Amino acid sequence: MRANKTSVIAGGLSAVSVLALTAGWLWGSLPMIAAGATGVGYVAWRWAPRPGRRRKRAPAVPASGAVEAEVRPRAAPVDPTDSEALVEQMLAQGRYGLLLRPQIARNLNDAQLARARAALEEAMALVPEGEVVLGKIDEMLDGEDLDEEEAAAYQGRAVRVGCYFLDRYPVTNEQYYEFVAAGGYEQLSLWDESIWTAVLEFVDRTGEPGPRYWKNGRYESRWRGHPVVGVSWYEAAAYARWVGKRLPSDAEWVKAGSWPVTLSSTSRVQRKYPWGDTMDRSRANLWGSGPGTTVSVDRFAEGVSVGGVHQLIGNVWEWTRGDLRASDLRHPNLTLSAPMKSIRGGAFDTYFDGQATCQFQSGETPMGRKHNIGFRCAVGICDLMLSKPPADAAVPDGLENAPAEEVPV
Amino acid sequence: MTKGVIVPLESARLVEYAVPIACYVCEGENTFDSEFCRYCAAPMALAHQANSQKVHPRMVATVGASGAGKTVYLGMLMDMLSRQPHRLQMLARGAFSITLQQTTLAALARCEFPDKTPNEPDRWNWVHCQVRRPKPRQTFELIMPDMAGEAILHEVDHPHSFRVITSFLKKSSGALILIDAVKLKEGGRNQEFFNMKLISYLGELDDGSKNRWSKKPVALILTKADECDDCRDDPARYAREHAPGLWQQVQERFRNHRFFATGVAGACAVRHSVTEGRVNVPLRIEPHGVVEPFEWVLSNLLGR
């Protein structure tokens, strides 16, 4: 519309100018020749295409002023009979977890299996099996408020967790884009059946399927390495399924951060933060210690856990697969207005140190798509085939991943 | 209210008693050893500080219905500005000014909201602080009381029943009006009506001088915005859609106003108590939009 209007004005001006020039030449009027020449010159200067000017005008900048990512276009469908190409595509998409499932890994050659294993070891940290205490209330928060009965109740409960792998970093926008671009929101098999009707509501600012804060089905380039936020628990779970993983349980998440050491049957040492027992704000992106928004997942590297997991504390809260129960919280007679899923770790806007510990648990409704909640994935070691078994070994049934063994102690 | 002390018959003391000290809020005359003004119950420490430091603090009112979040907002604001002074720095004047910050933050750290502010003015927390602005560099004094919502409602319905509220609002240079966004969303119109009454009341306080409420900066803060995503995205639109009467009145009454959205708790659960009834319990604390309204009011008062 604007371009049409501009060309009409240019055409009109140039026509008048040429007319004035011709008339002036015919009648021998110098002022008319000068006016016409000036008009023609101005039109040529103002509207003629020039490389410098075009470069300035060319990019279509979104309303917010942010430049959208130059993300890869949706990958061309791979021939399902071409297993080489399929494996390559899955590795490029970060779906090594799926490739290492026993049912699939058997069909890989040694080189492919080695590459999938290398990808797993690079992106995920191994958390050994063992016990972890959940639900212990931080004494600092309670002071003298707890009576003896309450204090006993809030000593927490010990849980045994099986060996599993946990993502070293939260899932980034770049990684999540692979899921969106591969049509993850259209593959209903990835989603809980109960949520099928709501999947259509999981759209970005422009109505395209994707996280809430994206536009046109893609993220802004500056958020490439930042954790994906604005995703509901169901979107997180669907992504995890797509890459052959699952969301970690509460016990798994706490174990990866607090790295408990069992000294005896009744005594164990468990860290308050992944780096120790004292808050050090330089190690985590929390309120007052960061830029007030998410940062790239490789920042705050000093906050790494013993097992090599980054940003468990700060930057974004992380969905876990567990439910938040009113009994998990220290207040008596508490009711949740809606069912909630457990979130852990604190975010860039978490205000209190005591709410950014490995033990602290908060909750959010599973449909919530908040600006400060992201996730990372886990997979049980028993669900993966890390080396080729004998040819006649039995294959376990089903792809649906059970949580790692979690037994109350 | 006023300390009952036995006055010794010393000439020096008698002289001190003979010189009245005006309350900084209502200008009522008090004796030098009064803790609270005998007329309005404002702390006399405000007057003593103003006299001794030769400064005249400005006043900014924080008003709103009961439960709108005035205590949490003020306590959080003070703590944020004292912890992170890049934008504005707030330094308390006198120990009494820190009590509000202390009680609010202690409660929030335990994942609880602070107790309801009592109706009696002599039990309110007052904040007298020095605010420093780095760019342009400016320092000034400010007084902000945490008034009880029910007392404000009573004063609005029965003007002059709380002298401290009348006097303070007359002298205030600007206001932060807190409106519960969740209650607006739920459709109960009490929140809207209360604030409409409050705005009318402010208009009635104008005494014909140049210092009219229609010219003063008024920040309308929609609280608990963490529970209403659309409120957080566009507070003015949210107010127009959910409280059209209030929105219209604001357009007519205040020339210099702006809508803001704020939230302190990321999510809430509910606790049922025999004595208090239904009580919200914050599940985590992540403040948003707390400093912006205050900063906007100050920049209007002091010039950008």
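Residues numbered from 1 in each chain as written. Chains lettered and ligands numbered in written order. Predicted model: local features only at pLDDT ≥ 70, side-chain atom pairs only at ≥ 80, totals over all residues. Heavy atoms only, no water.

**Describing a nonpolar patch on the surface**
- On the surface, A:Val261, A:Leu263 and A:Val269 cluster together to form a nonpolar patch covering roughly 260 Å² of accessible area.
- Note on placement: A:Val261 falls in strand E5 (residues 261-262). (Patch = residues over 30% accessible without salt bridge, like charges linked within 9 Å, V, L, I, M, F, W, Y side chains within 5 Å. Areas by Shrake-Rupley, 256 points an atom, 1.4 Å probe, with all protein chains shown as cover. Salt bridge = Lys/Arg side-chain N within 4 Å of Asp/Glu carboxyl O. Helix = DSSP H or I, 4+ residues; strand = E, 2+ residues; numbered from the N terminus.)

**Observations concerning helix H5 (residues 149-157) of chain B**
- Within H5(B), the full set of buried residues consists of B:Gly149, B:Ala151, B:Ile152, B:Glu155 and B:Val156. The buried residues of H5(B) occupy an angular sector of 160 degrees when the element is viewed end-on, so they sit on one face. (Buried < 20%, exposed > 50% of the residue type's maximum accessible area, 1.4 Å probe, protein only. Arc of directions from axis to C-beta.)

**A closer look at the sheet that holds strand E7 (residues 317-324) of chain A**
All names here are of chain A.
- Reading across the sheet, the four strands line up as E10-E9-E7-E11 and stay open at both edges, with mixed pairing between neighbours. In the strand order of this sheet, the two ends are held by strand E10 (361-364) and strand E11 (373-374), each with one partner.
- Pairing analysis gives two bridges linking E7 to E11, with the strands arranged parallel. Bridge pairing in E11 places Glu-318 opposite Gly-374. (Pairing = 2+ DSSP bridges.)

**Observations concerning the sheet that holds strand E5 (residues 125-133) of chain B**
Residues and elements named next belong to chain B.
- With respect to topology, seven strands assemble into an open sheet ordered E4-E5-E6-E3-E7-E8-E9, the strand pairing being mixed. Where the open sheet ends on each side, the last strands, each with one partner, are strand E4 (89-92) and strand E9 (257-261). Direction aside, the axes of adjacent strands within the sheet are offset by 25 degrees on average.
- For E5 and strand E6 (residues 138-146), the ladder comprises nine bridges, and the chain directions are antiparallel. Bridging from a neighbouring strand, Gln-130 pairs with Glu-141 of E6. (Axes fitted to C-alpha atoms, helices over the stretch in contact; angles between N-to-C directions.)

**A word on the confidence of the model for chain B**
- Of all residues in chain B, 95% have pLDDT values of 70 or greater, and the mean over the chain is 89.
- Per the prediction output, this complex has pTM 0.83; the corresponding ipTM is 0.88. (pLDDT = per-residue confidence, 0-100.)

**Some thoughts on the packing of aromatic side chains**
All names here are of chain B.
- Tallied over the full model, the rule gives 23 aromatic pairs over all chains.
- Above the face of the Trp-213 ring, Lys-216 is positioned so that its terminal group lies 4.4 Å from the ring centre.
- Positioned over the ring face of Trp-247 is Arg-240, at 5.3 Å from the centre of the ring. (Phe/Tyr/Trp six-rings, centres within 6.5 Å; stacked < 30°, edge-to-face > 60°. Lys NZ or Arg CZ within 6 Å of the ring centre and 35° of its normal.)

**Brief notes about the pattern of salt bridges**
- Scanning all chains against the criterion turns up 31 salt bridges over all chains.
- The salt bridge involving A:Glu364 is made with A:Lys370; its shortest N-O contact spans 3.1 Å.
- For B:Glu241, the salt bridge identified is with B:Arg237, shortest N-O distance 3.2 Å. Placement of both B:Glu241 and B:Arg237 in helix H10 (residues 235-242) is noted, with a separation of four residues, approximately one turn of the helix.

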